[in-house]
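Analysis of the macromolecular model
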Amino acid sequence: GEGAGRELDELLWRTPLFHIRNSAGQAGEEDVALASDLALALRGLADRRGGKLVSQPHEVLETAPSPPSGASDRLHHLQRDLATLVGMIGRRQPRQLKRGGISKSSLKEVAAFLLADSDPGYPEFLMLFAESAGLVKPDGRVWTAAERAGSKLEDEGRVRKALLTFWYGTDRWNEWTSDRSGSAGPRKRAEELREIRRAVVQGLMHCEVGRWIAYPQFYQLLVRTSEAFRAFTEYPGGKGALSSGGTTADELLRRMLRGALAWTGVVQIGNPDAYNTPLHQDSNGIFRLTDPGHTLAMGKRPEIPRRTSPEARYTIQPNLEVLSPPDLPYTHYIELHKLADLQGIDV
């Protein structure tokens, strides 16, 4: 239209990138061409890239980082931790809060026996999921363990898929704030947060299974491939101020990788302490996509071998202490919690 023609005319006059070839054609029909030096430079760039002028987004991940000095190797503890949480709720029957969930003091008591992560947000996330999935149920003003909670936990692939689905859609877990389960987050931006979560998982599909990926490279990949993530890097506050004073895209992504995606087993974290370091301080945080995580990112249920055995038995000692093997079925493990106080987990 007329506006586009006017803009092109201004572009031709004001920049050295284009020129109009001299031709005998009628006015307004001249060919527009790249300036000769720019055309030569682009042709050389394309030749060096094997004929490709535009790079693919996943190419930013090609540089392999150094192996981690330490990595989280407790991905297989998720089911046991959920069973511990459900069992201790069945034993203690903590009071139900007004908005659901249980008090932080009760969560601290549970956290002392969880094996997968020492992050204080970990038991909060498990409690929110257990409530949503029906592993615990309200009885009046208190929480109790659901009757079939143990049998539901036996299918680890199903539980992990349910965990990721829960994280996709919930607005009760809020990475905008450092207190991720707090109620002060900007709930009106819940859909924006869900969109960024989906973009992060889609970005993981560019990662090779089992290969260590540098966190800064993955950040750049998301900037290139996700409009939602790129928009948040440019306008982190959106139309209104964030609670907690301005969460950056870097903080948001680190909380997602180090939190829900690691707890669900989608990724394994390397150099965990590096995820406390902002991107501009040369963070050496790395991660790798797990095989079950790749299946989960595709929206499918991974096949994970059962970790418990129907043949496992617990032992009651003469002093009435009970020794429970690590492969005891979750139904029996939760039932033991109702009968006795958990003293320690050393296997």
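Relevant structure appears above.
Values in this document were obtained by computation on a predicted structure and should not be read as measured data.

This paragraph deals with the packing of aromatic side chains. Per the counting criterion, the structure on display carries 11 aromatic pairs. Centroid distance Phe218 to Phe287: 5.2 Å. Interplanar angle 80°. Geometry classified as edge-to-face. Here Phe287 lies in strand β7 (residues 286–289) and Phe218 lies in helix α9 (residues 215–225), a separation of 69 residues in the sequence. Each member of the pair, Phe218 as well as Phe287, is classed as buried. We note Arg80 situated over the ring of Tyr333; from NZ or CZ to the ring centre the distance is 4.4 Å.

This part is about the layout of surface pockets. By rolling a water-sized probe across the atoms, one finds the places where empty space is left. Computed from the structure, the largest pocket encloses a volume of approximately 790 Å³. Around the largest pocket, the lining comprises 26 residues; the ones closest to its centre are Ser324, Tyr333, Leu342, Gly344 and Ile345. Examining the composition of the lining of the largest pocket, we find that four residues originate from one element, helix α13 (residues 330–339), more than from any other. Of the residues belonging to the lining of the largest pocket, the class tally is 13 nonpolar, seven polar and six charged.

Here the focus is the nonpolar core. Within soluble globular proteins, side chains that are nonpolar tend to cluster in buried spots. Counting residues in hydrophobic clusters, the biggest one holds 73 residues, and the most contacted among them are Trp167, Ile196, Leu204, Phe218, Leu253, Leu261 and Phe287. Contacts of Leu261, omitting those with residues within four sequence positions, involve Leu164, Trp167, Val200, Val201, Leu204, Met256, Val266 and Val267.

Bringing the side chain of Asp117 into the picture now. With respect to the element layout, Asp117 can be found in the loop between α4 (104–111) and α5 (121–133). For Asp117, a relative accessible area of 12% translates into the label buried. Excluding its chain neighbours within four sequence positions, the residues that come into contact with Asp117 are Tyr122, Arg258 and Trp263.

Moving on to helix α3 (residues 78–92). Residues that lie three or four places apart on an α-helix share one face, since the helix turns once every 3.6 residues. In a regular helix each residue adds 1.5 Å, so 15 residues correspond to 21 Å; α3 covers 21 Å between its end C-alpha atoms and thus fits that length. One or two residues past the end of α3 sits Gln93, with phi positive at roughly 50°.

Analysis parameters
- Residues numbered from 1 in each chain as written.
- Predicted model: local features only at pLDDT ≥ 70, side-chain atom pairs only at ≥ 80, totals over all residues.
- Heavy atoms only, no water.
- Phe/Tyr/Trp six-rings, centres within 6.5 Å; stacked < 30°, edge-to-face > 60°.
- Helix = DSSP H or I, 4+ residues; strand = E, 2+ residues; numbered from the N terminus.
- Buried < 20%, exposed > 50% of the residue type's maximum accessible area, 1.4 Å probe, protein only.
- Lys NZ or Arg CZ within 6 Å of the ring centre and 35° of its normal.
- 1 Å grid on protein atoms, 1.4 Å probe; cavity = no way out; pocket = protein on both sides within 12 Å on 5 of 7 lines; lining within 4 Å.
- Points joined across faces, edges and corners; volume = space filled by probe spheres on them.
- Nonpolar A, V, L, I, M, F, W, Y, C, P; charged D, E, K, R; others polar.
- Core = buried A, V, L, I, M, F, W, Y, C linked by side-chain atoms within 4.5 Å.
- Contact = heavy atoms within 4.5 Å.
- Expected span 1.5 Å × (residues − 1).

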